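Per-entry structural report
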Amino acid sequence: MASSCSQALRHHVCKSSRILRVHLQKAWPNRSFVLNPAADQQPAVSSPEEIVIPKKKTWSKEAVLQALASTVNRDPTASDYRFQDDPYLTPKTSSEFKLFSLSQESGRNAAKYFISTYPKYFQKDYAQPHIPCLMPETLEAQLEEVSEAALIERIQMRKVKAAVDLYDQLQQAGTPVSLDVTNQLLDLICFYGDCDPAQENVPEQRNEETRSPCLVFSFRENNNAERVFALLSEPNTHSYSALIRGMVKYGAYSKAFSTYTDLLNNQLKADVSTFNALITAAPEVKEKYNEKWELIVDLLKQMAEQKVKPNLLTLNAVLKALRRCGTVGKSQAFPVISEMRALSIDPSLASYNHLLSIFYKPGAPFQGQTDILQEVMNEVSGKSFTPQDPDDGFIFDLSCLDTKDIEQAYRVHELLGVGENWRLLGNDFQQNIYHARFFSLLCMMENIDVVLKWYRDLVPSVYYPSSNVMRDLLQALDTDNRLDLIPQIWKDLKQLGHGNRQTLVEELLTLMAREKQNQEVQETFAECALDIKKMYDTGDRGKVMMSWTAGSLSDLVSVLLAAQRRQDAWEILKLFKTHNRVPSEELLDKFLTCIKESGDVNQALELVQISAGFCLPGTPKLIQRVQQEFLLSEQQK
């Protein structure tokens, strides 16, 4: 049975291959097509006019998962993927999100710490197949003798102090250290400074004495980097490059140029990394804009003389330096990009970021700069970017917000969905900033239906809005006269943890009390107002977080009166005296009008007594209204 099925399948495959070959030959009659029977591990050699079709294709191990992932989109109703393993603790507010994320990362680091500190207890490998990253890392040096091999081990383990100490011991013992190993040591010192890098899985040390050297490290006189460099009998280009890049990284810009001069005096040529570092430092050693640019041009000319081909980081270093060259930067930015493109260097996302920063300054008026933003978007739209520069990231949303260009903002957001561009947004804090600026622009420029569509799509699956952003949403509701949605937004405010934001709550009460709506909407307003009162009474987690003001009490009474909740409004009116607040005369007039509709004389007299108790100037006028509009007995008169 199995044999017959196999033969039938083979016959079907061969028939399909013949049909495919016939169709291909009809489309391209001048080419021959060969179905390669061998696996694709042995690539076939073909002529320019021959197309070889492999019989099978070897896919990566993640190909099936990637194919499945491409068939689904993000679910706006689901929580972030990091929290799906523990739905009970899924955060509902930004503070809970931060707490959950930090707790999760802290637990992961604690587990790594114990595994790496006590590796002998975690030797059994349960994973099939073997997963190296889940096994204990070697944190302790295995070679104890004073040798070059032990030095290489400490360099690979990024133990800066131990490597420097061992290098000194080798020098004292007269043991020669090869130039390549010494250069590796220089790379380590110049990258991390004179201290060991912080380990991700080691609990944070609170001792400031152990942390301060990394923070304040600078190329002071006779530091370890310069000391090791001075011990070299014949330093090469790599040695100078490591030292110069370290000097630029830690702010010793003048020393970096002095060291570069020594390199030239020793008849050596710099590499592209050295020139990139010097270009970055150029604005720091000159004061005038034209002097900064002249130094950059001089460095580029020296690159050409030394036949050093620039790369993408060179382009970005020049553009980053031009950000500090004022009007000179604006005149030279596009020629620089054109020159680099002539050398087959395409800009990265960092290049466009620097370009926008040259022409756009936060707070400065936009004059003729929207065309530049549009040109940049035309260049990047539809492209998938991969990180090629440490400065790759998104800042377009800031420009779109200041220009109030909603169309460009949509193009930026669409660009995030191309490939894995969303990874370039950065960490959670940077992602939150981007979504806040994008949503604020929507509230400012779009109608409320579009705003609510984006609101339901982003909140809270990828974004937890702040109280300021929720205030923008309330203003959008007010602009489009959709105040009937306020009770729904109030529920979201409570869920997002903003129910105790006094300014936000008071603005919400003001919007509900400003205009009278139809009776159905007023009923929902009244329920919302009473729910807000509970937040004032108990606060969050049993703590009083907000204090009553005369305005909030007046708005609450007005909302209840508009919904014909006179008894509830009367209870709120009593809170003025409880919290030492004074009601307005307009509020008491409004309350008296509501009492008149029911004809409750006793309550009208109590209202007069409340007004007299606060010594309001309008009390005589209120008495006059009661005498004219109500039937009073002699005693009541």
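Residues numbered from 1 in each chain as written. Predicted model: local features only at pLDDT ≥ 70, side-chain atom pairs only at ≥ 80, totals over all residues. Heavy atoms only, no water.

- Taking an unreviewed UniProt entry as the reference, the protein is identified by name as Small ribosomal subunit protein mS39 belonging to Cyprinus carpio.

1. Thoughts on the overall build of the protein
- Looking only at helices and strands, the protein has 29 helices and two strands in total.
- For the protein, the residues scored as buried account for 39% of the 637 residues in total.
- Taking contacts inside the protein between residues at least 6 apart in sequence as the whole, the part at least 24 apart equals 64%.
- About 36,900 Å² of surface is accessible on the protein, with carbon and sulfur atoms providing 52% of the total. (Helix = DSSP H or I, 4+ residues; strand = E, 2+ residues; numbered from the N terminus. Buried < 20%, exposed > 50% of the residue type's maximum accessible area, 1.4 Å probe, protein only. Contact = heavy atoms within 4.5 Å. Areas by Shrake-Rupley, 256 points an atom, 1.4 Å probe, with all protein chains shown as cover.)

2. With respect to helix H13 (residues 312–322)
- Within H13, nine of the 11 residues are buried, which leaves it mostly tucked inside the rest of the structure.
- Those residues of H13 that sit buried are Leu312, Thr314, Leu315, Asn316, Ala317, Val318, Leu319, Ala321 and Leu322.
- Turning to H13, the residues buried within the fold contact helix H11 (272–285), helix H12 (289–305), helix H14 (326–342) and helix H15 (349–359).
- In this structure Asn311 caps H13, since a side-chain oxygen of it lies 3.2 Å from the backbone nitrogen of Leu313. (Polar contact = N/O pair within 3.5 Å; in protein donor to acceptor, adjacent residues only side chain to side chain.)

3. Observations concerning the packing of aromatic side chains
- Evaluation of the coordinates by the stated rule reveals 15 aromatic pairs.
- Measuring from ring centre to ring centre gives 4.9 Å for Phe229 and Tyr240, while their planes differ by 70°; the resulting arrangement is edge-to-face. Residue Phe229 is found in helix H8 (residues 224–230), and its partner Tyr240 is found in helix H9 (residues 237–249); the two are separated by 11 residues along the sequence. For the pair Phe229 and Tyr240, one class covers both residues: buried.
- Summarising the aromatic geometry, the rings of Tyr434 and Phe438 are spaced 6.2 Å apart at their centres and angled 5° between planes, so their arrangement reads as stacked. Taken together, the positions of Tyr434 and Phe438, both in helix H19 (residues 428–445) and four residues apart, correspond to about one turn of that helix.
- Of the aromatic side chains, those joined through ring pairs into one cluster are Tyr113, Phe114, Tyr118 and Tyr121.
- Across the ring face of Trp454, the terminal group of Lys453 is positioned such that the distance to the ring centre comes to 4.8 Å. (Phe/Tyr/Trp six-rings, centres within 6.5 Å; stacked < 30°, edge-to-face > 60°. Lys NZ or Arg CZ within 6 Å of the ring centre and 35° of its normal.)

4. Looking at the pattern of salt bridges
- Considering all chains together, one arrives at 20 salt bridges under this definition.
- A salt bridge links Glu507 to Arg471; the shortest N-O distance between them is 3.1 Å. You can see Glu507 sitting in helix H23 (residues 502–514) and its partner Arg471 sitting in helix H21 (residues 467–479), a full 36 residues away along the chain.
- On the basis of relative accessibility, which here comes to 17%, the residue Arg471 falls in the buried class.
- Between Glu523 and Arg565 there is a salt bridge, with the nearest N and O atoms lying 3.1 Å from each other. Of this pair, Glu523 sits in helix H24 (residues 519–538) while Arg565 sits in the loop between helix H25 (550–562) and helix H26 (566–578), placing them 42 residues apart in sequence. (Salt bridge = Lys/Arg side-chain N within 4 Å of Asp/Glu carboxyl O.)

5. Points about the nonpolar core
- Among the nonpolar cores identified, the biggest contains 155 residues, and Leu151, Leu473, Leu508, Met512, Ile532, Phe591 and Leu607 are the most heavily contacted of them.
- Among the elements that take part in this core, H24 stands out by supplying eight residues, more than any other.
- Discounting residues that sit within four places of it in the chain, Leu151 has contacts with Ala163, Leu166, Tyr167, Leu170, Val177 and Val181. (Core = buried A, V, L, I, M, F, W, Y, C linked by side-chain atoms within 4.5 Å.)

6. Notes on the environment of Pro617
- With respect to the secondary-structure elements, Pro617 resides in the loop between helix H28 (601–613) and helix H29 (619–629).
- Take Pro617: its relative accessible area is 69%, and that puts it in the exposed class.
- Remark: the alpha-carbon pair of Pro617 and Glu585, spanning 32 residues in sequence, is separated by 8.2 Å.

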